[in-house]
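Now for the letters of each chain:
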Protein chains: 2
Amino acid sequence: MGQRNESSDTRESIMRATYCALCKHGYADLTMQDIAEEFEKSKSLIHYHYETKEDLFVAFLDYLLDHFHEHVENIDSDDPAERLHHLLDLFESGPSDDDKRDFHVALLEIRAQAPYTDAYREQLRRNADDLHDLVADIVRDGIETGQFDSVDPDEAATVLLATVDGIRIRRATLGGNGERDAIDGLLSRYLGWEGAE
Amino acid sequence: MGQRNESSDTRESIMRATYCALCKHGYADLTMQDIAEEFEKSKSLIHYHYETKEDLFVAFLDYLLDHFHEHVENIDSDDPAERLHHLLDLFESGPSDDDKRDFHVALLEIRAQAPYTDAYREQLRRNADDLHDLVADIVRDGIETGQFDSVDPDEAATVLLATVDGIRIRRATLGGNGERDAIDGLLSRYLGWEGAE
């Protein structure tokens, strides 16, 4: 158990160091040395756990997904509309609010690598599918409670996630932040949710 | 006039060479030499027109916008719903259908550079604002003809463009192409357009 906690703590520390290094340097020029500099323990410990930058980033994408699930589980509401709102907000933000824009830009760089790097593509697909299922389930619940119109939950998940994704990419690359209202309008007009406006 | 046509032809040839080189090599490692290899005339002519890779890519983004406008002007219909459909289809595809995925991935790489490169950010913002106005105008027309519900045209442009953007990025990076139905569902449910389904 002690062993397990130690390695889970080490993982957490390496992932935090990766996050900080990514926000500081972006993805393209990032070296294992940059990550080691954000890490309080020895650099060799990073190499012991992750042989290459690619291994480390696959683990990082998986960590983001775990982190996301943790947040979703902690949403303090059973109400589908409130849960959906929280989830879309989470998806828009990063693991922390600091460096949010830098983080999203770096994430975009990693996504642009997906066509060339099988391991990234597989992990990103896993993240996307998982997120899709989470949103579709909440939409399904909201239809059952009568809060949402009777839409196809899978279509709704595709539309909602694509919209939030498109908006946060625009914001990360071009700046501005006035588009949150558009999401509320979408929830209201597309899902028929009366609480959105 | 001859001079003007010659330089407009040269621009067109350089832009086509840039497009081909971009699809072949992606953005990150692309050199002026790679572009010269796709160009039937002398390399010095490229340097005469565009001093740096950055200058050339700003011109390329502007060229994409011109190209897009040309396509939009050529849409053979005055019907707002049909025009919107065509425009969203165009936005989803590249200047040519060949190498479409490679092109979108390269474009994503350029967008990921926007936070660090003022000239890219300004040109990309111009492209985005322009596209937004085009879509908002069509939505406005469709509301006037009674084809669309009375939505806020600016909100609708944000939602529609973000959704298509999110979907094409997912497709370019992760593959798959089943999401076109989601756009039709969105047009139908969000805009109340009865022709979409």
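Residues numbered from 1 in each chain as written. Chains lettered and ligands numbered in written order. Predicted model: local features only at pLDDT ≥ 70, side-chain atom pairs only at ≥ 80, totals over all residues. Heavy atoms only, no water.

By the naming in an unreviewed UniProt entry, chain A goes by Transcriptional regulator, TetR family and is assigned to Haladaptatus litoreus.

The next subject is the interface of chain B and chain A. Each partner contributes to the interface: chain B provides 39 residues, whereas chain A provides 38 residues. With both sides pooled, the region where chain B packs onto chain A buries about 3000 Å², and carbon together with sulfur makes up 63% of that total. Run the count over chain B and chain A and you get four salt bridges. With a closest N to O distance of 3.4 Å, Arg-189 of chain A and Asp-149 of chain B form a salt bridge. Elements with a contribution of two residues or more to the side of chain B that touches chain A: helix 6 (100–113), helix 7 (118–144), helix 8 (153–174) and helix 9 (180–191) of chain B. A per-class count over the side of chain B that touches chain A returns 18 nonpolar, seven polar and 14 charged. (Contact = heavy atoms within 4.5 Å. Buried area = accessible area lost by both parts, 1.4 Å probe. Salt bridge = Lys/Arg side-chain N within 4 Å of Asp/Glu carboxyl O. Helix = DSSP H or I, 4+ residues; strand = E, 2+ residues; numbered from the N terminus. Nonpolar A, V, L, I, M, F, W, Y, C, P; charged D, E, K, R; others polar.)

This paragraph deals with the nonpolar core. Core analysis: the largest hydrophobic core is formed by 64 residues, its most contacted members being Leu-84, Leu-160 and Leu-191 of chain A together with Leu-84, Leu-160 and Leu-191 of chain B. Beyond its immediate chain neighbours, meaning those up to four positions away, Leu-191 of chain A contacts Leu-84, Val-139, Gln-147, Phe-148, Asp-149, Val-151, Ala-156, Leu-160 and Leu-186 of chain A. The next biggest cluster of nonpolar side chains, apart from the first, holds 32 residues, and it includes Ala-17, Ile-46, Ile-110 and Ala-128 of chain A. (Core = buried A, V, L, I, M, F, W, Y, C linked by side-chain atoms within 4.5 Å. Buried < 20%, exposed > 50% of the residue type's maximum accessible area, 1.4 Å probe, protein only.)

Let us look at the UniProt feature "domain: HTH tetR-type" (unreviewed entry) in chain A. On the UniProt side, "domain: HTH tetR-type" (unreviewed entry) is annotated at positions that read residues 8–68 of chain A here. The distance separating the terminal C-alpha atoms of residues 8–68 of chain A is 17 Å; by composition the span is 77% helix and 0% strand. (UniProt positions renumbered as here; feature names shortened; annotations may be inferred.)

The next point concerns the environment of Glu-92 of chain A. Residue and element names in this part refer to chain A. Looking at the secondary structure, you find Glu-92 in helix 5 (residues 80–92). Among the residues examined, Glu-92 registers a relative accessible area of 9% and is labelled buried. Considering only alpha carbons, one finds Glu-92 and Lys-24, 68 residues apart in sequence, at a separation of 20 Å. Apart from the residues lying within four places of it in its own chain, the contact partners of Glu-92 are Lys-100, His-104, Val-164, Ile-167, Arg-168, Arg-171 and Arg-180.

Residues and elements named next belong to chain A. A complete count under the given rule lists ten aromatic pairs over all chains for this structure. Measuring from centroid to centroid gives 6.2 Å for Tyr-27 and Tyr-120, while their planes differ by 75°, and the two rings are edge-to-face. In this pair, Tyr-27 sits in the loop between helix 1 (2–25) and helix 2 (32–37) while Tyr-120 sits in helix 7 (residues 118–144), placing the two residues 93 residues apart along the sequence. Owing to a relative accessible area of 10%, Tyr-27 belongs among the buried residues under this scheme. (Phe/Tyr/Trp six-rings, centres within 6.5 Å; stacked < 30°, edge-to-face > 60°.)

Residue and element names in this part refer to chain B. In the contact formed by helix 5 (residues 80–92) and helix 9, the axes pass within 12 Å of each other and the chain directions differ by 145°. The handedness of the crossing between helix 5 and helix 9 comes out as right-handed. Only Arg-180, Ile-183, Asp-184, Leu-187 and Leu-191 of helix 9 make contact with helix 5, whose side of the interface consists of Leu-84, His-85, Leu-88, Asp-89 and Glu-92. Taken together, the residues of the contact of helix 5 with helix 9 break down into five nonpolar, one polar and four charged. (Axes fitted to C-alpha atoms, helices over the stretch in contact; angles between N-to-C directions. Left-handed = near helix turned anticlockwise from the far one by under 90°.)

For the rest of this paragraph, the subject is the state of the cysteines. Residue and element names in this part refer to chain A. The full count for this structure, using the stated rule, is zero disulfides over all chains. Left without a disulfide partner, Cys-23 is nearest to the cysteine sulfur of Cys-20, which lies 6.8 Å away. With relative accessibility at 9%, the residue Cys-23 sits in the buried group. (Disulfide = S-S within 2.5 Å.)

With that settled, the discussion passes to the UniProt feature "DNA-binding region" (unreviewed entry) in chain A. Residues annotated in UniProt with the feature "DNA-binding region" (unreviewed entry) correspond here to residues 31–50 of chain A. In residues 31–50 of chain A, helix accounts for 65% and strand for 0%; the two terminal C-alpha atoms are 13 Å from one another.

Another aspect to go through is the relation of the copies chain B and chain A. Placing chain B over chain A gives an RMSD of 0.0 Å and needs a rotation angle of 180°, together with 0.0 Å of translation along the axis. Here the transformation between the copies is reduced to the relation of a two-fold axis. A shared binding surface is used by both copies, with 97% of the interface residues of chain B retained as interface residues in chain A. (Least-squares fit on C-alpha atoms with pLDDT ≥ 70 in both.)

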